[in-house]
Amino acid sequence: MKKLSSLKGWLYLLPAILFLGFFMVYPLIDVVMYSFEEGYNFASQSHFGYGLYNFKYVLHDPYFLQAVKNTFIIVIITVPLSTGIALLISLGLNSIKPLKELYQTVYFLPYVTNTLAVGLVFMILFKKTAYSEGLVNLLLNSLGMSSVDFIDGPYWAKIFVMCFYTIWVVMPFKILILTSALAGVKKDYYNAARVDGTSKFRIFYKITLPMISPMIFYLVITGFIGAFKAYADEVAIFGTNLNAAGMNTIVGYVYDMLYGNSGGYPSYASAASLILFAIVFTITVINLLISKKNVQY
Amino acid sequence: MKVILKNLTKKFPNRNKKIKEDVVAVDNFDFEIPDGKLIGLLGPSGCGKSTTLNMISGLEKPTSGRIFFGEDDVTDLPAEHRGVGLVFQNYALYPHLTVRQNIIFPLQNLKGDKKMTMDAMNQKADEVAKLVQIGEYMDRRPSELSGGQQQRVAIARALVKTPRVLLLDEPLSNLDARLRLQTREEIKRIQRETGVTTIFVTHDQEEAMSISDMIVVMKDGRLMQMDKPQTVYDDPKNFFVAKFLGTPAINTFDGEVKGEKLYLGDSAVLNVPGVKDGPVYVGIRPEGFIPDENGPMECDLSAVEVMGRDTSIVSTHPAMTVVAIRSIILSENRPDATGNKVRFSLKPYKVLLFDKTTEERIYFDIK
Amino acid sequence: MADLTYTELQKIEKRAKVSGTVGKTVTYFLLTLWGLIVLFPFYWMLLTSIKSYSSYNSEYVPKFIATHPTTQNYVDAFTTVNLGKYFFNTVVFTVLTTAVMMVVTVLAAFAFSRLKFKGKSITFAIFLSLMMIPNELVVITNYVTITNWNMRNTFQGLILPSVASVFYIYLLKENFEQIPEELYKAAKVDGTSDLKYLLKVMIPISKPTIITILILKVIECWNSYVWPRLVTDNEAYYLVSNGIQEIRENGFGRENIPAMMAAVVVISVPLVVLFLIFHKKIMEGVSRGGTKG
């Protein structure tokens, strides 16, 4: 009887175990193997031996270094900026009554859109073509500035578009989480503070911020992880050949190594993805340590 | 500081959006709270007590009417400039701050020439902490304290800036029975020692009776009666107040006055000189019954519950509008409970008459 | 607290009123500004999609309204390129992946929350630890596996690796555990089988969470790009994300932007419509899913 019920448990679990085993656990072990197999040939699926050559190669590949640089810039700009703006917007949303729901609904819209598709719209808005300067450039011109090719032009311009789009895409989630965190702060705290004559700034700094700090840290941590994995947003704006555009990211580098014109090198891809994992892991641990110190209850 | 409410009214838009008419939470409220007294604002939940309190604190704006602190009209003054201390039902202590930080929080808001040094603030905090007897917990966080201790911290925080008026919104409701008794004694003591005008909102009549210098009874946003606790009990102005105060509750009957005699059912039970003929509501306090073999009021006996000093006799009567009549007598006067009838005579000053339409008290001469 | 004089009082009252109104105005202005930033791309894609090719290219300064709206671009989007096919593929992919995922998730969550068996807690711990593994790590081997199984350019290849999700199992298990154990015992006493109990009691009670998971998965599937790009190079199996890249690079001829925008509109519409209908549920679901993660 006992044995039978034990068997039943495993039976219910079987599909999950099969799927996870094949497509998560095994690949996890395999990717480490790949990364140490030198001279792997995809067609014959053979290799010479084991070593650190793949890591060395990746770390010396200028494309990879460019990708690391791009990724870090995206992370450093978009995470604080998007969290900060989202906090401001959420505070604004929480302070109004009429139209609140409408604003909330509108703000959430980017979450449900296909980022590849909407990225095209951004490209068109920023792109300078033979026919048109693009809407953004016309706007710049009207402010007395000269046109910039944001899509094929200087590096900073491309970074600007990329960060702008990334923020546009990640904002809905952050606003949603922060507005519900703010709404969760009991009204009595604010009433108590108001009766005590606390200034608005002090209420925010001394009450609101500490109260929602767990959620802010949550957003920062997940924001870091998400931004380090940036890829699809870049493809959406600059197209699939990110190396040519100089806009590749680490994840993009992994996929390019695996597949496409420059592909067929799963070993390099594995090494690069492990390096990415190491970076993300380290930063997450640091984030967690900082948040442990600062989230006080 | 005297607090005066003049024709205070608060209307809210109806939550059910289909109903255009506003909900009147507080209706033309008019009373004066003498300086240095503890006032219990009493009423069933939803009667507008908390709204009244919020208007006094400045958290809500009245729809019409004025509020005065002493001579100052504070009606349009924002909460932060009124100098009130407010204590909440769920304490509203900042969970990320220690007890000390919570207490000095209001002091840190002071600006200009009222600004205090850290030392002065700490000293002040120690003073109030001593007053409410939480001195030993100053470095703990609220989550490490019991409910009663948290409530004391909340009171300390409200007192630290020497408020003109102290407002307590159901401060004891989240405490268990024993702590509630203890804390209400505490509040009374603290109020005596500081002498600050205090308004205490509660739905618990016993709490209000035991703690207040004056009780204000509210119903549906309107003032029912304002008097000393014992007066409110002995001499209620209307049927609602009579029914709301007292445990066990007052026994109610449909009665009729004929020829200056009060009839319950077919029998005349009491002389009521000076009362016009007609139907009345009758309330008889449980202690108003005297077991008397020759008494004018005959009831069907249901049970006799002996509870040490007191005995309560549960009976029924055709004219009653309660489920059962409960009368309380000293156990030594307990009648022999034989048969299924019991007869009472009544103490005249424990029998209260009310008009059937206005529910106002009808007084009669007690010889 | 010192009593305030009458003029002081008036000053304070006035200041509070003015700063309140100014604050509200600024807040609404900024909120509206962000609203415009969010909405503008949508407006622009709709607008551009109904401009004719020639009028779009003749506007050096683009007009903010379409003077001669046309539906030609939508016709082009479905005829010149295989948008209809991409669309169909995505629907098939989304429906199948979500359905299979749901079955797997429900069964696993039930096993973890109600059934007793040897090695349950250790298995659950292993499951939890898998939550930390980023997709980027396992995608490489999965690509090789699917290639070796000759499943490139098949629905199986697309769907199989996208099915298992530890996070959703965890989410549902937590929810299942909140259902009082007494219900299960009562059902057992009444002779209800486990499967029947799961279908008749647990699933209906956990409906909100299940809907949350469905919503999240559908959005994820509809927008998935990386995996489909890896395992499909045959247009017949492209999903919309890959399709739109294909359209961008080889589609209508690079410069037919109105047609491209029409395709973008078509791709965006299903989820946007779904969102507008169920926006409360979806936002609630995302915030629940997000907060618990």
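Residues numbered from 1 in each chain as written. Chains lettered and ligands numbered in written order. Predicted model: local features only at pLDDT ≥ 70, side-chain atom pairs only at ≥ 80, totals over all residues.

### A word on the sheet that holds strand E7 (residues 165-169) of chain B
Sheets are built from strands that pair by backbone hydrogen bonding, the pairs being arranged parallel or antiparallel.
Residues and elements named next belong to chain B.
Move 1: The strand order across the open sheet built from 6 strands is E6-E7-E8-E3-E9-E10, with neighbouring strands paired in mixed fashion. Each having just a single partner strand, strand E6 (84-87) and strand E10 (222-227) make up the two edges of the open sheet. Across the sheet, the axes of successive neighbouring strands diverge by a mean angle of 20°, strand direction being ignored.
Move 2: Sitting on the sheet, helix H4 (residues 147-159) is in contact with E6 and E7, with an inclination near 170° to E6. (Pairing = 2+ DSSP bridges. Helix = DSSP H or I, 4+ residues; strand = E, 2+ residues; numbered from the N terminus. Axes fitted to C-alpha atoms, helices over the stretch in contact; angles between N-to-C directions. Contact = placed C-beta atoms within 7 Å.)

### Some words on the sheet that holds strand E14 (residues 278-284) of chain B
Residues and elements named next belong to chain B.
Move 1: Taking strand neighbours across the sheet as the criterion, the 6 strands line up as E13-E12-E11-E14-E20-E21 in an open arrangement whose pairing is antiparallel. Either end of the sheet is taken by a strand with one partner, and the two such strands are strand E13 (267-271) and strand E21 (361-362).
Move 2: The pairing of strand E20 (residues 351-355) with E21 spans 2 bridges and is classified as antiparallel. Looking at E21, one finds that Phe 354 is bridged to Arg 361.

### Notes on the packing of helix H3 (residues 62-95) of chain A against helix H7 (residues 155-183) of chain A
Residues and elements named next belong to chain A.
Move 1: At their nearest, the axes of H3 and H7 sit 7 Å apart, and the two run at 40° to each other. Taken together, the axis directions place H3 and H7 in an arrangement best described as oblique. In this structure, H3 crosses over H7, and the sense of that crossing is right-handed. (Parallel < 35°, antiparallel > 145°, perpendicular 65-115°, else oblique. Left-handed = near helix turned anticlockwise from the far one by under 90°.)

### Observations concerning the pairing of strand E11 (residues 251-258) of chain B
Residue and element names in this part refer to chain B.
Move 1: In this structure, E11 lies alongside E14, joined through 7 bridges in antiparallel fashion. Of the residues in E14, the one forming a bridge with Phe 253 is Val 282.
Move 2: Note that E11 and strand E12 (residues 261-264) share 3 bridges and pair antiparallel. Each residue of the ladder has a partner; that of Glu 256, found in E12, is Tyr 263.

### Quick word on the nonpolar core
Move 1: Core analysis: the largest hydrophobic core is formed by 156 residues, its most contacted members being Ala 272 of chain A together with Ala 263 and Val 264 of chain C.
Move 2: When sequence neighbours within four positions are dropped, the list of residues in contact with Ala 272 of chain A reads Val 58, Phe 64, Ile 250, Tyr 253, Val 254 and Met 257 of chain A.
Move 3: Counting residues in each nonpolar core, the second largest holds 103 residues, with Val 195 of chain A together with Phe 29, Ile 33 and Ile 199 of chain B among its members. (Core = buried A, V, L, I, M, F, W, Y, C linked by C-beta atoms within 7 Å. Buried ≥ 20, exposed ≤ 12 C-beta atoms within 10 Å, placed from the backbone.)

### Description of the interface of chain A and chain C
Move 1: The interface is formed by 70 residues belonging to chain A together with 69 residues belonging to chain C.
Move 2: Broken down by element, the residue count for the side of chain A that touches chain C peaks at 19 residues, all from helix H1 (residues 2-36) of chain A.
Move 3: Its residues assigned to classes, the side of chain A that touches chain C shows 52 nonpolar, 15 polar and 3 charged. (Nonpolar A, V, L, I, M, F, W, Y, C, P; charged D, E, K, R; others polar.)

### What to know about the domain arrangement of chain B
Residue and element names in this part refer to chain B.
Move 1: Splitting chain B by domain gives domain 1 (3-243) and domain 2 (249-362).
Move 2: Computed over C-alpha atoms only, the centres of domain 1 and domain 2 are separated by 39 Å.
Move 3: Between domain 1 and domain 2, the residue contacts involve 7 residues of the former and 10 residues of the latter.
Move 4: Its residues assigned to classes, the side of domain 1 that touches domain 2 shows 4 nonpolar, 1 polar and 2 charged. (Domains from an automatic or database assignment.)

### Brief notes about the environment of Phe 240 of chain B
Residue and element names in this part refer to chain B.
Move 1: For Phe 240, the location among the structural elements is in helix H8 (residues 239-244).
Move 2: Considered as a pair, Phe 240 and Gly 288 are 48 residues apart in the sequence and their alpha carbons are 19 Å apart.
Move 3: Those residues in contact with Phe 240, other than ones at most four positions away along the chain, are Lys 219, Met 224 and Glu 359.

### Quick word on the packing of H3 of chain A against helix H12 (residues 250-258) of chain A
Residues and elements named next belong to chain A.
Move 1: Their axes nearest at 8 Å, the elements H3 and H12 cross at an angle of 150°. Considered as vectors, H3 and H12 are oriented roughly antiparallel to each other. Of H12, the residues touching H3 (which contributes Tyr 63, Phe 64, Ala 67, Val 68 and Thr 71) are Ile 250, Gly 252 and Tyr 253.
Move 2: Tallied by class, residues from the contact of H3 with H12 come to 6 nonpolar, 2 polar and no charged.

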